[in-house]
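# Observations on the model geometry
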Amino acid sequence: EQLSLYPDYRGVSHWHDDVEFIMMVDGQMSYDINGQSIDMQTGEGVFETADVCTTDTQNKNVENSYDLLSLTAIIGFIQKNYPGKLLFKDISSAGSCCKTKCTSLFQRYLSVSPMQYLNNYRLEKGCAMLRNSSSPVTDVAYACGFSSTSYFCELFHRHYGITPNEYRKENL
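Residues numbered from 1 in each chain as written. Predicted model: local features only at pLDDT ≥ 70, side-chain atom pairs only at ≥ 80, totals over all residues. Heavy atoms only, no water.

## A closer look at helix α4 (residues 114-132)
In an α-helix, one full turn covers 3.6 residues, which means residues spaced three or four apart are oriented alike. Heads up, the rule is: Only runs of H or I of at least four residues qualify as helices and only runs of E of at least two qualify as strands under DSSP, and these elements are numbered from the N terminus. By this rule, a helix spans an expected 1.5 Å times one less than how many residues it contains. Partly exposed residues are those whose accessible area sits between 20% and 50% of the maximum for their type, while under 20% is buried and over 50% is exposed, using a 1.4 Å probe and protein chains only.
In this model, α4 (19 residues) spans 27 Å end to end at C-alpha, consistent with the 27 Å of a helix rising 1.5 Å per residue. Within α4, the full set of buried residues consists of Pro 114, Tyr 117, Leu 118, Asn 119, Tyr 121, Arg 122, Leu 123, Lys 125, Gly 126, Cys 127 and Leu 130.

## Observations concerning the pattern of salt bridges
Defined as follows: Any carboxyl oxygen of Asp or Glu within 4 Å of a side-chain nitrogen of Lys or Arg constitutes a salt bridge here.
Overall, the coordinates contain 4 salt bridges when judged by the stated rule. A salt bridge links Lys 101 to Asp 67; the shortest N-O distance between them is 3.1 Å. One end of the pair, Lys 101, is in helix α3 (residues 99-110); the other, Asp 67, is in helix α1 (residues 62-81), and 34 residues separate them in sequence. Using a relative accessible area of 6% as the deciding quantity, one classes Asp 67 as buried. Because the salt bridges share partners, they merge into one network encompassing Asp 67, Lys 101 and Arg 108.

## What to know about the confidence of the model for the protein chain
Interpretation of the predicted coordinates at a detailed level should be avoided for regions scoring low in pLDDT. Rules: A residue's pLDDT is the predictor's confidence in that residue, given on a scale from 0 to 100. Contacts were defined at the residue level, with two residues in contact if any of their heavy atoms lie within 4.5 Å.
For the protein chain, per-residue confidence averages 80 on the pLDDT scale, and 71% of positions sit at 70 or higher. Residue range residues 1-16 is modelled with pLDDT below 50. Its contacts to residues more than four positions away, or to other chains, number 12 contacts. Contacts from residues 56-62, a stretch scored under 50 in pLDDT, to residues over four places away or in other chains number 13 contacts.

## Remarks on the state of the cysteines
We count it as follows: The disulfide criterion used throughout: a pair of cysteine sulfur atoms within 2.5 Å.
The tally for this structure, following the rule as stated, stands at 0 disulfides. Of all cysteine sulfurs in the structure, the one in Cys 127 sits closest to Cys 144, which takes part in no disulfide; the separation is 8.8 Å. Assessed through its relative accessible area of 0%, Cys 144 is described here as buried.

Take a look at the structure:
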């Protein structure tokens, strides 16, 4: 549906794992995110995931738009391909940029490295599998793209402070 069909030009809020990138090509608008209103002008953009919302209203140049489009493409690539073996060069190539630029984009907009983002995303998917299935931890680890169960368990414990089995027991 067209946004203009909603009262006061507001769309229904929604939550999803996907990435959103909104850029004002021409004109202005007020964009509401979780109760926060952001006034946007031509050339400004908003980039958001389920966890992060970044606005670029300070620097109105085209490079920032390309940066956000690159980051969006990279995140989409990671979210689509996380179960497989992902090399850093493949991740950066998804955004049509070099590894240095890729790292810079992730640090600037998400405050993590691309590989940290990948591991965090895999851990989130692992949590969902632990909550919603009775698959062994080994199967969960491999299904989420980890090459070893021990590495999955180590990262899981470091990130959440409990083991995958403890997490499953607490979330049944």
